[in-house]
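# Descriptive structure summary
Residues per chain, in single letters:
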Amino acid sequence: MNADVSRYGVLGQPIAHSKSPRIHAAFAASLNQKLLYEAYEIAPDELAPSLARFHADAWAGFNLTVPHKQAGFALSETRSDAAVAAGAVNTLIRTATGWHGDNTDGAGLVRDLVANLGVAIAGKRVLVLGAGGAARGILAPLLAEQPAIVAISNRNPWKPEEIAAALKPLGNIVPRTHLSLKGDQYDLVLNATSAGHKGEVPRLPPGLFAPGATAYDLNYGPASRPFLDWAAAQGASRLSDGLGMLVEQAAEAFQRWRGVRPETSAVLADLRG
Ligand SMILES: NC(=O)c1ccc[n+]([C@@H]2O[C@H](COP(=O)([O-])OP(=O)(O)OC[C@H]3O[C@@H](n4cnc5c(N)ncnc54)[C@H](OP(=O)(O)O)[C@@H]3O)[C@@H](O)[C@H]2O)c1
């Protein structure tokens, strides 16, 4: 191993499917930077000792994915505002004494919506489905775009109450239940649930999409199809999966590690191809 080459990785379980090594290799090549980025399958009880070992071995940074985002938050010595708002960490940056925890999921989503897809958030009615780590990660950055309202709804109805109460100081966020959405209309509906991995769609009332509305699934590939097919049948005008978010959150992480933000369009086109 060349000691001059900074080492990064992604930790998760399962991890074999991860596109992150390919994305970061492409970013590094596009910027002519030499770095190593690898995927490691790490069980939950192995996260703390693994991070201690990686730190002792002078690794420079990590992405954390399912199921490590909340544990990574607890294991971070210091945390960004985005990580604190999310209660979860997807990016670790090495410091002299430990790991600084950050969360780039929300910044990546907003970048994909606004810059890549041209979907406005300011002044719009936004519905977030789900209340897990991904939903928590995107809410504060969405509120920073000053939508008219952000409603959050989840299968377990208590979680949105807690989340909305905690984020109230950041903007107009209201908790809903799937049932109480009946009669509401939204300009942007974001599926931040993992239901699509089981071929399922959250049980929602009809009529949620306002004229011209966008449906966006944070999932990509086959897991995004159930929600996006349902949204199309419900009259959503625009549909997008979360592949752009994946690439943009990676670019945000790369920037925090390397001080330069890679260009993303070629990588996204390559992944779609
Ligand atoms: N594109 C990207 O870059 C990106 C980034 C992050 C996450 N994601 C994707 O986003 C999804 C959510 O991730 P996460 O980390 O938030 O997962 P998580 O913490 O496990 O949360 C899962 C959420 O999905 C809900 N859910 C699960 N099955 C459901 C069903 N059958 N019907 C209705 N709701 C259901 C859960 O509701 P309960 O609370 O009721 O259990 C919970 O709100 C994952 O599929 C992940 O791959 C994508």
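This is a predicted model, so every value here is computed, not measured.

Now for the overall build of the protein. Within the protein, the regular secondary structure consists of 10 helices and 12 strands. Residues counted as buried form 51% of the 273 residues belonging to the protein. Restricting to contacts in the protein with at least 6 residues of sequence separation, those with at least 24 account for 67%. Entry remark: accessible area of the protein is about 12200 Å², with carbon and sulfur atoms responsible for 53%. In the protein, the 25 positive side-chain charges and the 24 negative ones have mean positions that sit 4 Å from each other.

Here we come to the side chain of asparagine 219. Note that asparagine 219 resides in the loop between strand 11 (209-217) and helix 8 (225-233). Owing to a relative accessible area of 11%, asparagine 219 belongs among the buried residues under this scheme. A polar atom in the side chain of asparagine 219 sits 2.9 Å from the backbone oxygen of threonine 193. At a separation of 3.2 Å, a polar atom in the side chain of asparagine 219 contacts the side chain of histidine 197.

Cis geometry is adopted by the peptide bond preceding proline 14, which originates at glutamine 13 and carries an omega value of 5 degrees. Of note, the amide linkage connecting valine 66 to proline 67 takes the cis form, showing an omega dihedral of 5 degrees. In this structure, proline 67 sits in the loop between strand 3 (61-64) and helix 3 (69-75). Despite not being glycine, asparagine 32 shows a phi value in the positive range, around 60 degrees.

When cut into domains, the protein gives domain 1 (6-103 + 245-272) and domain 2 (113-241). Each of domain 1 and domain 2 has a C-alpha centre, and the two are 25 Å apart. The partner domain 2 presents 11 residues to the 10 residues of domain 1 that form the contact. Between domain 1 and domain 2, roughly 900 Å² of surface is buried when both sides are summed, and carbon and sulfur atoms account for 56% of that area. Together, Ala85, Ala86 and Met245 form the three largest contributors to the area buried by domain 1 at its contact with domain 2, with a combined 45%.

Two elements in contact, helix 9 (residues 243-258) and helix 10 (residues 265-272), have axes whose closest approach is 10 Å; the angle formed by their N-to-C orientations is 140 degrees. Viewed along their axes, helix 9 and helix 10 adopt a mutual orientation that is oblique. The element helix 9 and its partner helix 10 pack so that their crossing is right-handed. Of helix 10, the residues touching helix 9 (which contributes Leu243, Gly244 and Val247) are Val267, Leu268, Leu271 and Arg272. Residue composition of the contact of helix 9 with helix 10, by class: 5 nonpolar, 1 polar and 1 charged.

Of the pairings in the sheet, the one linking strand 1 (residues 6-12) to strand 2 (residues 35-41) comprises 7 bridges and is parallel in character. Paired with glycine 12 across the strands is glutamate 41, a residue of strand 2. Viewed along the sheet, the connection from strand 1 through helix 1 (residues 20-30) into strand 2 turns out right-handed.

The next thing to look at is the nonpolar core. The nonpolar side chains of a soluble globular protein tend to be buried with one another. Among the nonpolar cores identified, the biggest contains 25 residues, and Leu113, Val128, Ile138, Leu142 and Leu190 are the most heavily contacted of them. At 5 residues, the largest contribution of residues to this core is made by helix 6 (residues 133-144). Those residues in contact with leucine 190, other than ones at most four positions away along the chain, are Leu109, Leu113, Val126, Leu127, Val128, Leu129, Ile138, Leu142, Tyr216 and Leu218. Core analysis: the next-biggest nonpolar cluster, separate from the first, contains 21 residues, Tyr8, Leu243, Ala253 and Leu271 among them.

Once that is clear, we can look at the sheet that holds strand 9 (residues 173-177). An order of 9-8-7-10-11-12 is seen for the 6 strands of this open sheet, with the pairing classed as parallel. Sheet topology places strand 9 and strand 12 (238-240) at the edges, where each strand pairs with a single neighbour. Averaged over all pairs of adjacent strands, the angle between strand axes in this sheet comes to 20 degrees, irrespective of strand direction. In terms of strand pairing, strand 7 (residues 125-129) meets strand 10 (residues 186-191) through 4 bridges, oriented parallel. In the strand pairing of strand 10, leucine 127 is matched with valine 189. Here helix 7 (residues 158-167) sits on the sheet and contacts strand 8 (149-154) and strand 9; the angle it forms with strand 9, its principal contact strand, is near 175 degrees. Sitting on the sheet, helix 8 is in contact with strand 7, strand 10, strand 11 and strand 12, with an inclination near 170 degrees to strand 11.

What counts, and at which threshold
Position labels on residues start from 1 in each chain and follow its written sequence. Residues qualify for local features only when their pLDDT is at least 70, as the model is predicted, and side-chain atom pairs are given and counted only at 80 or more; totals for whole chains, interfaces and linings, by contrast, use all residues. The side-chain numbers reported here are obtained from all heavy atoms of the structure, hydrogens and water having been left aside. Helix and strand labels come from DSSP, where a helix needs a run of H or I of at least four residues and a strand needs a run of E of at least two; each type is numbered from the N terminus. Between buried and exposed lies partly exposed: a residue is buried under 20% and exposed over 50% of the maximum accessible area for its type, with that area taken using a 1.4 Å probe on protein chains only. Contacts are assigned to residue pairs that have any heavy atoms within 4.5 Å of one another. Using the Shrake-Rupley algorithm and a 1.4 Å probe, accessible areas are obtained, with residue cover drawn only from the displayed protein chains. In this tally Asp and Glu are treated as negative and Lys and Arg as positive; neither His nor the chain ends contributes. A charged residue contributes its charge at one atom only: NZ of Lys, CZ of Arg, CG of Asp or CD of Glu. Here a polar contact is recorded for every N or O atom pair within 3.5 Å, except that within protein the pair must consist of a potential hydrogen donor and a potential acceptor, and residues adjacent in sequence are included only if both atoms are side-chain atoms. Here the limits of each domain have been adopted from an automatic or database domain assignment. The buried area of a pairing is the accessible area, by a 1.4 Å probe, that goes missing from both parts when the two are put together, added over both. Angles shown run from 0 to 180 degrees and are taken between the N-to-C directions of axes, each axis being a line fitted to C-alpha atoms and, for helices, limited to the stretch in contact. Angular relationships are summarised with four words: roughly parallel below 35 degrees, roughly antiparallel beyond 145, roughly perpendicular across 65 to 115, and oblique for the angles in between. In this scheme, a crossing is called left-handed if the near helix is turned counterclockwise away from the far one by less than a right angle; it is called right-handed if the turn is clockwise. Amino acids are sorted into nonpolar (Ala, Val, Leu, Ile, Met, Phe, Trp, Tyr, Cys and Pro), charged (Asp, Glu, Lys and Arg) and polar (every other residue, Gly among them). When DSSP finds at least two bridges between two strands, those strands are taken to pair. With its strands directed away from the observer, a crossover is right-handed exactly when the path from the first strand over the helix to the second travels clockwise. Take the buried residues of types Ala, Val, Leu, Ile, Met, Phe, Trp, Tyr and Cys, join any two whose side-chain atoms come within 4.5 Å, and each joined set is a nonpolar core.

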